[in-house]
Amino acid sequence: MRVTVIGAGYVGLVTAACFAEVGNTVTCVERDPSRIAALAKAQVPFYEPGLSELVARNAEAGRMHFVSSLEQGLEDAQVCFIAVGTPPLPSGQADMSQVRGAAAEIGRTVNGPLVVVQKSTAPVGTVAMVHGAIDVELAKRGVRHWVSVVSNPEFLKEGSAIEDFTRGDRIVLGSSDERAVAVMRELYRPFNRNHEKIMVMNPASSELTKYAANAMLATRISFMNELARLAEAVGADIEQVRLGMGVDHRIGSHFLYAGAGYGGSCFPKDVKALAFMAHEAGLHAELAEAVDAVNQRQKQRLFEKISAHFAADGLKGKTFAIWGLAFKPNTDDMRDAPSIDLIEALLAAGAKVQAFDPVAMESAARHWGERAGLTLAKNAKSALQGADALAVVTEWHAFRSPDFNQLASQLRAKVVFDGRNLWDPQTVRAAGLSYYGIGRG
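Residues numbered from 1 in each chain as written. Predicted model: local features only at pLDDT ≥ 70, side-chain atom pairs only at ≥ 80, totals over all residues. Heavy atoms only, no water.

Student: Before we go on, may I ask you to explain the sheet that holds strand E14 (residues 434-436) in this structure?
Tutor: Sheet strands pair by backbone hydrogen bonding; their relative direction is either parallel or antiparallel. In spatial order, the strands read E11-E10-E9-E12-E13-E14; together these 6 strands make up an open sheet with parallel pairing. Edge positions in the sheet fall to strand E11 (374-376) and E14, since each of these pairs with one other strand and no more. Each neighbouring strand pair of the sheet contributes to a mean axis angle of 20°, computed without reference to strand direction. Examined bridge by bridge, strand E12 (residues 389-392) and strand E13 (residues 415-418) share 4 bridges and lie parallel to one another. Across the sheet, alanine 389 pairs through a bridge with valine 415, a residue of E13. Where helix H13 (residues 301-309) meets the sheet, it contacts strand E9 (319-323), E12, E13 and E14, and its direction lies at approximately 160° from that of E13. (Pairing = 2+ DSSP bridges. Helix = DSSP H or I, 4+ residues; strand = E, 2+ residues; numbered from the N terminus. Axes fitted to C-alpha atoms, helices over the stretch in contact; angles between N-to-C directions. Contact = heavy atoms within 4.5 Å.)

As structure tokens, this is what we get:
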């Protein structure tokens, strides 16, 4: 098929590359000229395992193209994905201006039958809004084309997006138009061979499914972080509790890890957007608001532990090594990352920070620039030089098995703060280090 994707960001580029990989001709429409220039050289502007190779291979094969004009992008297209950003407004509501603008431009440009796929994470009612915006522009032009809008939310995890797209759990389609659904079934056929994954529902249900899924996962994280505080208070170990819970098939073991809080581009904004949608519907989303509140509090937990340990002489003048800046492993995304909260709190207290992340150093440099008291280290080892203590904030594999005896010889205060419960407390303490985890009793 001939596919157009509006927006060459994370979702748009993964979607385009995966469809191109199975033989479709895909054109990405992107307004940012620097991004277009980079993509033309197969340079992906963010880190996602395997994506650069996928883009390079399909661009070289002539199946992926990058343009700045929707008029070029829509020429002979059969399907057009809207994959633009919907960042949160201060109210928590999703900013729909880019989606609305893309829809209007499609209406001004479309020159034949087209299935428009709303891929951006957006609130209930977005399909109707997109349809309306397109219809208004078609009416202004005095032309009539069959244009059908389908909701098709993404369920991609940063760090495993290609696997999630090609071998995902489900393909959700929100539409009552059988013709449009038939087109989408054919487009997704290469990813739907092993067993039936396609779920067709009305647009409102499809739109809500995305928010419900992310809010449920965020709820599990905040629940475990709430339990972790209780575990500390009563002398339990949250890691043992997690194992005891996870074997129950009604609960399962996924997303039961206590830690320094969740971040990224999805969970924080989607939980807030769900609460806003409820408010707009005349409801009070108490649970969603509590999930967000617990997470905001949890992101301060490592700093609270550090402050308590150094209460006698304070943090001013102390140097802290930080391992992990991205909000999770296998990505360079630092949006709403717990590392930001911790580093800002340490700097505000007069401490110095030496931070390292395996792939997020460029993101960190863009975020902080030249910041007094903050050093972005070349590697994990150099972050430890002259440090009083170490805090682990992201659970990268490279941080899972350090030499604890060596750490004890390097850290002046001989103390580590394990924000992801990576290490066995007894093993760490046997090396002569003080250990603080999350919910470890």
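Alright, that's what it looks like, and here's the rest.
Student: I tried to follow helix H6 (residues 126-141) on my own but got confused; where do I start?
Tutor: Owing to its 3.6 residues per turn, the α-helix brings residues three or four apart onto one side. Compared with an ideal rise of 1.5 Å per residue, which puts 16 residues at 22 Å, H6 spans 23 Å between its outermost C-alpha atoms and is within 8% of the ideal. Those residues of H6 hidden inside the fold are in contact with strand E4 (79-82), helix H5 (97-109), strand E5 (114-118), strand E6 (147-151) and helix H9 (203-234). (Expected span 1.5 Å × (residues − 1).)

Student: Sorry if this is basic, but what is going on with the packing of aromatic side chains here?
Tutor: By convention here, two paired aromatic rings are described through the distance between centres and the angle between planes. Following the criterion strictly, the structure yields 15 aromatic pairs and no others. Following the ring pairs from residue to residue traces out a cluster consisting of Phe19, Phe81, Phe165, Tyr188 and Phe191. The positively charged end of arginine 170 is found above the aromatic ring belonging to phenylalanine 155, 3.7 Å away from the centroid. We note arginine 179 situated over the ring of tryptophan 146; from NZ or CZ to the ring centre the distance is 3.7 Å. (Phe/Tyr/Trp six-rings, centres within 6.5 Å; stacked < 30°, edge-to-face > 60°. Lys NZ or Arg CZ within 6 Å of the ring centre and 35° of its normal.)

Student: Before we go on, may I ask you to explain the domain arrangement of the protein in this structure?
Tutor: When its domains are assigned, the protein resolves into domain 1 (2-199) and domain 2 (243-436). Taken over C-alpha atoms, the centre of domain 1 sits 34 Å from the centre of domain 2. Between domain 1 and domain 2, the residue contacts involve 15 residues of the former and 16 residues of the latter. Carbon and sulfur atoms make up 58% of the surface buried where domain 1 meets domain 2, a total of about 1,200 Å² over both sides. Counting the surface domain 1 buries against domain 2, the share from its top three residues, Tyr47, Gly92 and Glu158, is 47%. For the interface between domain 1 and domain 2, the tally reads 0 salt bridges. Linking domain 1 with domain 2 are 4 residue pairs in polar contact (both at pLDDT 80 or more), by the criterion used here. Here the side of domain 1 that touches domain 2 is built from residues that sort into 6 nonpolar, 6 polar and 3 charged. (Domains from an automatic or database assignment. Buried area = accessible area lost by both parts, 1.4 Å probe. Salt bridge = Lys/Arg side-chain N within 4 Å of Asp/Glu carboxyl O. Polar contact = N/O pair within 3.5 Å; in protein donor to acceptor, adjacent residues only side chain to side chain. Nonpolar A, V, L, I, M, F, W, Y, C, P; charged D, E, K, R; others polar.)

Student: Help me understand the pattern of salt bridges in this model?
Tutor: Tallied over the full model, the rule gives 25 salt bridges. Between arginine 31 and glutamate 105 there is a salt bridge, and its shortest N-O distance comes to 2.4 Å. Of the two residues, arginine 31 is situated in the loop between strand E2 (25-29) and helix H2 (33-40) and glutamate 105 in helix H5; the sequence distance between them amounts to 74 residues. Classification of glutamate 105 by relative accessible area gives partly exposed; the value is 21%. (Buried < 20%, exposed > 50% of the residue type's maximum accessible area, 1.4 Å probe, protein only.)

Student: Even after reading the chapter, I still don't get the nonpolar core, so can you show me in this structure?
Tutor: Soluble globular proteins tend to bury their nonpolar side chains together. If you look at the biggest cluster of nonpolar residues, it comprises 63 residues, and the most contacted ones within it are Ile322, Trp323, Leu342, Ile343, Leu346, Leu390 and Trp423. Among the elements that make up this core, the one with the highest residue count is helix H14 (residues 338-348) (6 residues). Residues Tyr10, Val79, Ala83 and Leu156 belong to the second largest nonpolar core, which totals 42 residues. (Core = buried A, V, L, I, M, F, W, Y, C linked by side-chain atoms within 4.5 Å.)

Student: Is there a simple way to explain the packing of H5 against H6 in this structure?
Tutor: Between H5 and H6, whose axes approach to 7 Å, the crossing angle comes to 35°. Note that H5 runs across H6; the crossing there is right-handed. Contacts between H5 and H6 involve Val99, Arg100, Ala103, Ala104, Ile106, Gly107, Arg108 and Thr109 on the former and, on the latter, Thr126, Met129, Val130, Ala133, Ile134, Glu137, Leu138 and Arg141. Split into classes, the residues belonging to the contact of H5 with H6 amount to 9 nonpolar, 3 polar and 4 charged. (Left-handed = near helix turned anticlockwise from the far one by under 90°.)

Student: Explain H9 to me, please; I cannot follow it from the model alone.
Tutor: Over its 32 residues, H9 runs 47 Å from end to end, which matches the ideal 46 Å to within 8%, given 1.5 Å per residue. Directly beyond the C-terminal end of H9, a positive phi value near 85° is found at glycine 235.

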